[in-house]
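A look at the structure
So the chains spell out like this:
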Amino acid sequence: MSTWAWIKDLKGAINSDVEVRGWLHNRRGNKNLHFLQLRDGTGFVQAVVDKSTIGDAEFERIGAYGYESSMKVFGKAVEDKRSKLGVEIQVSRVELVGESKDYPIQISKDVPNIEKLLDVRHLWMRSPKPRAILKIRSEVIQAIRQFYYERDYVCFDSPIFTPNACEGTSTLFETEYFGNPMYLSQSGQLYGEAGALAFGKVVVFGPTFRAEKSKTRRHLTEFWMIEPEVAWLELDGIMDLAEEKLEYIAQWCLKRCRPELEILERDLSKLESVKRPFPRISYSEVQKVLAQKKDEFAKSSDPELKKLSGDILKNGPGDDLGAADETAISMQYDRPVMIHRYPSEVKAFYMKRDPKDPRFALCVDVIAPEGVGEIIGGAQREDSHDALVERIKEHKLPMEAFQWYLDLRKYGTVPHGGFGLGLERTVQWISGTHHVRETIPFPRTIVRMSP
RNA sequence: UCCGCGGUAGCUCAAUGGUAGAGCAUCCGGCUGUUAACCGGCAGGUUGUAGGUUCGAGUCCUACCCGCGGAGCCA
């Protein structure tokens, strides 16, 4: 009598009769033996079919099954040092469950175009590398939830349909809502602020939609964002929270995602170095550093650095930093970098201005290493009713839409703030994945609507 | 929207303006323990589309379509 076992548990079932249920990942063999590589979601195991024990007819039938056929395999689990798992199955019977013919993805040394694989994303995710990335995503999500749960945050969901632009900057997806225009949320932050004044500490974890026509390896039109919002938290505390959380995520994954990180050949030292404190540099300091780097790289013999030099500081002082600026700064460190106090003019209306120098906002961006770019954008919020009214006017935003938001400053305002962490870019960074598209099961981009 | 690169077999890619090819996959055959197995063979094409130059175009020219990367914007 055999028992159904998960592949990951087979080591504990050596010398007993087992049943494995899975998919045929690959097959090798000769005229007397089939080596079936089976996958069940928990691991891979080799099942050995011997013609002399199973009979000619059965042997031929099993040999004809295509890749990704699903089957129940019955046999004896035996120890085998040649197997990575340490166990293989000596097959006595195979029961086909779902036939699979002409599977569209081949196991190959060639690395096919990612876009072609994304066309069959529903199948591609059965392969080891995509599975490893998505498993890391799952663990990053778990780490984030645990991090906030341990710190007494209330999970606070913001609406997806919103009546207007939260920040008035990004391009939104418009949708028709019973005859009126509504928009898909580009941030839950404003709602999170209401939650923070009710609960003290909340975290919004939800989908986010941006209709920007960005076509880069860092952009999606639909992605997930984690937005803590905390009463009484000022800029320094926001930066403390951000670095504590990123360290927590990196350490969590080092502890729990070793097999996946190995499959991806991730350089673990890049994650081990993610320890507090992270560098904190003001926008004004960054300008000075970048001026130096621009000169330094211009003299470099490395053509890439030379090219980078040309793009550094091309926006001019007082403007937002460009991509080259972020790259140049993050190259200087082995961990995420926090850049704070950008010019308030280039930032969102709700950011509080620095009382010491109102030209700058009490905000922070966190730039991940290895070219992933910005993974966190956050700020202390403007908590004065009158100042906020001024900002809304300056940004030419519809005052009536923000009445409820202004109420938060009218009835017991307190200093508060938070940030948004991009889940997919975080996974991209942790897993060392080139394209952010691979970090979400079914990516949505400007040109990709299916599967 | 702008800039750059590209589109040749199912996949990854070759091919001085002169008969469109290889590896892998499929299929067929071989191999008594394979590890992205190996060996042999068959088959596989309107070279993105439409024009143009030329004795002759995958290659040169023009336009368009599609894709990728980047800028801007952002997580």
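Computed from a predicted structure; not experimentally measured.

How each quantity is defined
Residues numbered from 1 in each chain as written. Chains lettered and ligands numbered in written order. Predicted model: local features only at pLDDT ≥ 70, side-chain atom pairs only at ≥ 80, totals over all residues. Heavy atoms only, no water. Phe/Tyr/Trp six-rings, centres within 6.5 Å; stacked < 30°, edge-to-face > 60°. Buried < 20%, exposed > 50% of the residue type's maximum accessible area, 1.4 Å probe, protein only. Pairing = 2+ DSSP bridges. Helix = DSSP H or I, 4+ residues; strand = E, 2+ residues; numbered from the N terminus. Contact = heavy atoms within 4.5 Å. Axes fitted to C-alpha atoms, helices over the stretch in contact; angles between N-to-C directions. Domains from an automatic or database assignment. Near = heavy atom within 4 Å. Polar contact = N/O pair within 3.5 Å; in protein donor to acceptor, adjacent residues only side chain to side chain. Nonpolar A, V, L, I, M, F, W, Y, C, P; charged D, E, K, R; others polar. Core = buried A, V, L, I, M, F, W, Y, C linked by side-chain atoms within 4.5 Å.

Scanning all chains against the criterion turns up 17 aromatic pairs. Residues Trp 4 and Trp 6 carry aromatic rings whose centres are separated by 5.4 Å and whose planes lie at 45 degrees to one another, so their mutual orientation is tilted. Relative accessible area serves as the criterion here: at 42%, Trp 4 is assigned to the partly exposed category. Where Phe 349 meets Tyr 350, the ring centres are 5.5 Å apart and the plane angle is 75 degrees; that geometry is what we call edge-to-face. According to the relative accessible area criterion, Phe 349 is buried, its value standing at 0%.

Let us look at the sheet that holds strand 14 (residues 337-340). Taken in spatial order, the 8 strands of this open sheet run 7-11-12-17-16-15-14-13, and their pairing is mixed. Where the open sheet ends on each side, the last strands, each with one partner, are strand 7 (154-155) and strand 13 (280-282). The sheet contact formed by strand 12 (residues 222-231) and strand 17 (residues 416-422) spans 5 bridges and is antiparallel. Each bridged residue has a counterpart across the sheet, and for Glu 229 the counterpart in strand 17 is Gly 418. Packed on one face of the sheet, helix 6 (residues 189-199) meets strand 7, strand 11 (201-209), strand 12 and strand 17 and runs near 30 degrees to strand 12. Running at roughly 60 degrees to strand 17, helix 15 (residues 423-431) makes contact with strand 11, strand 12, strand 15 (363-368), strand 16 (373-380) and strand 17 of the sheet.

Moving on: the sheet that holds strand 8 (residues 161-162). Hydrogen bonds between backbone atoms are what pair the strands of a sheet, whose relative direction is either parallel or antiparallel. Spatially, 8-10-9 is the arrangement adopted by the 3 strands of the open sheet, whose pairing is antiparallel. The strands lining the two open edges of the sheet, one partner per strand, are strand 8 and strand 9 (174-177). Where strand 9 and strand 10 (residues 180-184) come together, 4 bridges link them in antiparallel fashion. Bridge pairing in strand 10 places Glu 174 opposite Tyr 183.

When cut into domains, chain A gives domain 1 (3-98) and domain 2 (123-279 + 333-439). When each unit is reduced to the centre of its C-alpha atoms, the spacing between domain 1 and domain 2 is 46 Å.

Counting buried residues along strand 15, 6 of its 6 residues qualify, which places the element largely inside the surrounding structure. Along strand 15, one buried face is formed by Cys 363, Asp 365 and Ile 367 and the opposite face, lined by Val 364, Val 366 and Ala 368, is buried too. Across 4 bridges, the pairing between strand 14 and strand 15 is antiparallel. Within strand 15, the position partnered with Val 337 by the bridge is Ile 367.

Attention now goes to unusual backbone geometry. Following Arg 276, the chain continues into Pro 277 via a peptide bond in cis, with omega recorded as -5 degrees. At the junction of Ser 450 and Pro 451, the peptide bond is cis and its omega measures out at 0 degrees in the coordinates. Among the structural elements, Pro 451 can be located in the segment after helix 15. Of note in the backbone geometry, Asp 152 takes a positive phi value of approximately 65 degrees without being a glycine. Mapped onto the elements of the fold, Asp 152 is located in the loop between helix 5 (128-150) and strand 7. Look at Asp 152 and you get exposed, because its relative accessible area is 61%.

Now for helix 12 (residues 323-330). Counted residue by residue, helix 12 has 6 buried out of 8 residues, so it is predominantly covered. Residues of helix 12 that are buried: Ala 324, Asp 325, Glu 326, Ala 328, Ile 329 and Ser 330. The inward-facing, buried residues of helix 12 abut strand 13, helix 10 (283-298), helix 11 (303-311), strand 14, strand 15 and strand 16.

With that out of the way, let us pick up the protein's contact with RNA strand B. Around RNA strand B, a shell composed of 49 residues is seen, among which Asn 26, Arg 28, Ser 108, Arg 210 and Glu 374 lie nearest. The sugar-phosphate portion of RNA strand B accounts for 54% of its atoms within 4 Å of the protein, the bases making up the rest. Here Lys 215 contributes a backbone N or O atom positioned 3.5 Å from a base nitrogen of RNA strand B. Ile 375 is positioned such that a nitrogen or oxygen atom in its backbone is 2.8 Å from a sugar or linking oxygen of RNA strand B. Of all the elements, strand 16 adds the most residues to the surface near RNA strand B, at 4 residues. Of the residues assigned to the surface near RNA strand B, the class counts are 14 nonpolar, 15 polar and 20 charged.

Below, the discussion takes up the pairing of strand 16. Burial within strand 16 is extensive, with 6 of its 8 residues counted as buried. Pairing between strand 15 and strand 16: 6 bridges, direction antiparallel. Residue Cys 363 lies in a different strand from strand 16, and its bridge partner there is Ala 379. Joining the antiparallel neighbours strand 15 and strand 16 is a turn of 4 residues, in which Glu 370 adopts a positive phi near 65 degrees. Pairing geometry for strand 16 and strand 17, over 5 bridges, is antiparallel. Pairing of Gly 378 across the sheet is with Phe 419, part of strand 17.

One finds Ile 144, Ile 375 and Leu 421 to be the most contacted residues of the largest nonpolar core, which totals 46 residues. The set of elements that each furnish at least two residues to this core consists of helix 5, strand 11, strand 12, helix 7 (235-256), strand 15, strand 16, strand 17 and helix 15. Looking at this core element by element, the count peaks at 12 residues for helix 7. Look past the residues within four positions of Leu 421 in its chain and what remains in contact with it is Ile 144, Trp 224, Met 225, Ile 226, Lys 245, Leu 246, Ile 249, Ile 375, Ile 376 and Thr 426.

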